[in-house]
Each structure stands twice: as C-alpha cells, then as structure tokens.
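Structural overview for review
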Number of protein chains: 2
Amino acid sequence: MKLFNYLFAPRPKSAAIAKERLKIVLAHERASRDAPDFLPRLQKDLLTVVGRYVQINEEMIHVNLGKSGDTSLLEINIEIGGAKPNEGRLAPAS
Amino acid sequence: MKLFNYLFAPRPKSAAIAKERLKIVLAHERASRDAPDFLPRLQKDLLTVVGRYVQINEEMIHVNLGKSGDTSLLEINIEIGGAKPNEGRLAPAS
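Quick summary incoming for the structure in this document. (Residues numbered from 1 in each chain as written. Chains lettered and ligands numbered in written order. Predicted model: local features only at pLDDT ≥ 70, side-chain atom pairs only at ≥ 80, totals over all residues. Heavy atoms only, no water.)

Some words on the overall build of chain A
Each helix and strand counted, chain A has 1 helix and 3 strands in total. Secondary structure elements in chain A, listed N-terminal to C-terminal, are β-α-β-β. Among the 94 residues that make up chain A, the fraction classed as buried is 43%. Partitioning the intrachain contacts of chain A with sequence separation of at least 6 by distance along the chain shows that 62% fall at a separation of at least 24. Accessible area for chain A stands at about 5,300 Å²; split by element, carbon and sulfur atoms hold 49% of it. (Helix = DSSP H or I, 4+ residues; strand = E, 2+ residues; numbered from the N terminus. Buried < 20%, exposed > 50% of the residue type's maximum accessible area, 1.4 Å probe, protein only. Contact = heavy atoms within 4.5 Å. Areas by Shrake-Rupley, 256 points an atom, 1.4 Å probe, with all protein chains shown as cover.)

With respect to the relation of the copies chain A and chain B
Superposing chain A onto chain B requires a rotation of 180 degrees together with a translation of 0.0 Å along the rotation axis, leaving an RMSD of 0.0 Å. Seen this way, the second copy is the image of the first under a two-fold rotation axis. When C-alpha distances to the rotation axis are compared across chain A, the minimum falls at V25 of chain A, with a value of 2.5 Å. When the interface residues of chain A are mapped onto chain B, 100% of them again lie at the interface, so the same face is used by both copies. (Least-squares fit on C-alpha atoms with pLDDT ≥ 70 in both.)

Considering the packing of helix α1 (residues 39-51) of chain A against helix α1 (residues 39-53) of chain B
Following both chains from N to C, one finds α1 of chain A and α1 of chain B inclined at 155 degrees, their axes separated by 10 Å at the closest point. Taken as axis vectors, α1 of chain A and α1 of chain B run roughly antiparallel relative to one another. Two packed elements cross with a definite hand, and for α1 of chain A against α1 of chain B that hand is right-handed. Residues R41, L42, D45, L46, V49 and V50 of chain A of α1 of chain A lie in contact with α1 of chain B, whose contacting residues are L42, D45, L46, V49, V50, R52 and Y53 of chain B. (Axes fitted to C-alpha atoms, helices over the stretch in contact; angles between N-to-C directions. Parallel < 35°, antiparallel > 145°, perpendicular 65-115°, else oblique. Left-handed = near helix turned anticlockwise from the far one by under 90°.)

Set out below in structure tokens:
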C-alpha cells in the first residue's frame, strides 16, 4: 500500500516518545460539485466512536478539511494513549 | 494536501457514473509493535456511523487491513448513494 508513505511525518529520532498517533482520513468523491458535503458533520461522531477504543488526548486533535474538484477531504490527526483495556461496544460499564 | 493524489483510482472516462465514493483510511502508529491493534474492531462501528449520513451500498464495501512496522492501516472503500436528506444524529425518527 503506497499510502503508508504519505500518512505520518517522521518522528524526531532523538526524542523518547511513548505516545501513539492515529490519523483518520475520509475522502468523499461526489457525483457532482453540487452534491452535499457531509464530512464536517461526521467529524464529531467519528471521534466519539474512536474514543470507545482508545484514550484520546483532547488537546492533541488536529483537523483539516479540504476540497479539490469533486473530492472533499477530512483529515484528523489524534494523539492517543493507546487502546483501552476493555475497548469497544461490548465493554462492560465501569 | 498531497494525500489527494493517492486516494482514488481514476474513473473510466467513458462511463457515465452517478455513484459517489467514500474512502476511509485509519492509520495507527503504535508506541511499539506489541501495542494492541484496535483497528479491526473499529471497522464495524465506523460503517454504522457513516451509514447515518449516507446511503451505503452494502455490496460495494471493500476493506484492506495492512501493517508496516509499527503502523497499522485500515482502508475502507465504499460506494455510496449520496448524503441522506436528514443526515446525522439529530435526524428525526422516520
């Protein structure tokens, strides 16, 4: 997958970083430029879902919205604290 | 955003296609190779959330899971029927 090469900027080699990173990219190719763009509204729901699985550092969320021709792009970069012990929809209430 | 160039394969020019396409890419850079990988479990929840906003053609969902070093990649390609009229969490029950 050539996408691998375009996803993360390299970490500084000298830094001892334990944080994990998550990048979410949504690209919506519309049938026409007039078709509605739902990506901005989707953003909050995506973060809610991801937050079920990993600890999200709320101060380390960076969002880019872009458009090129008929394609809209939503890019979310999150610093996370790793997977939660009981992750996901089936986790018991704590 | 240079990502634009790597997201969609070009459509055949001769075809009159009204379908829209959505690509979802999640890349998880873990602190170590031993850190748990939550992307496979996240997949179903993501589709549920996206399905609130757009009509998903269930037969046109293609999923790739990959791994390169400490980075896991989940790539979902969906053919969609466009945004729903009352999209999202605040839509009234129909």
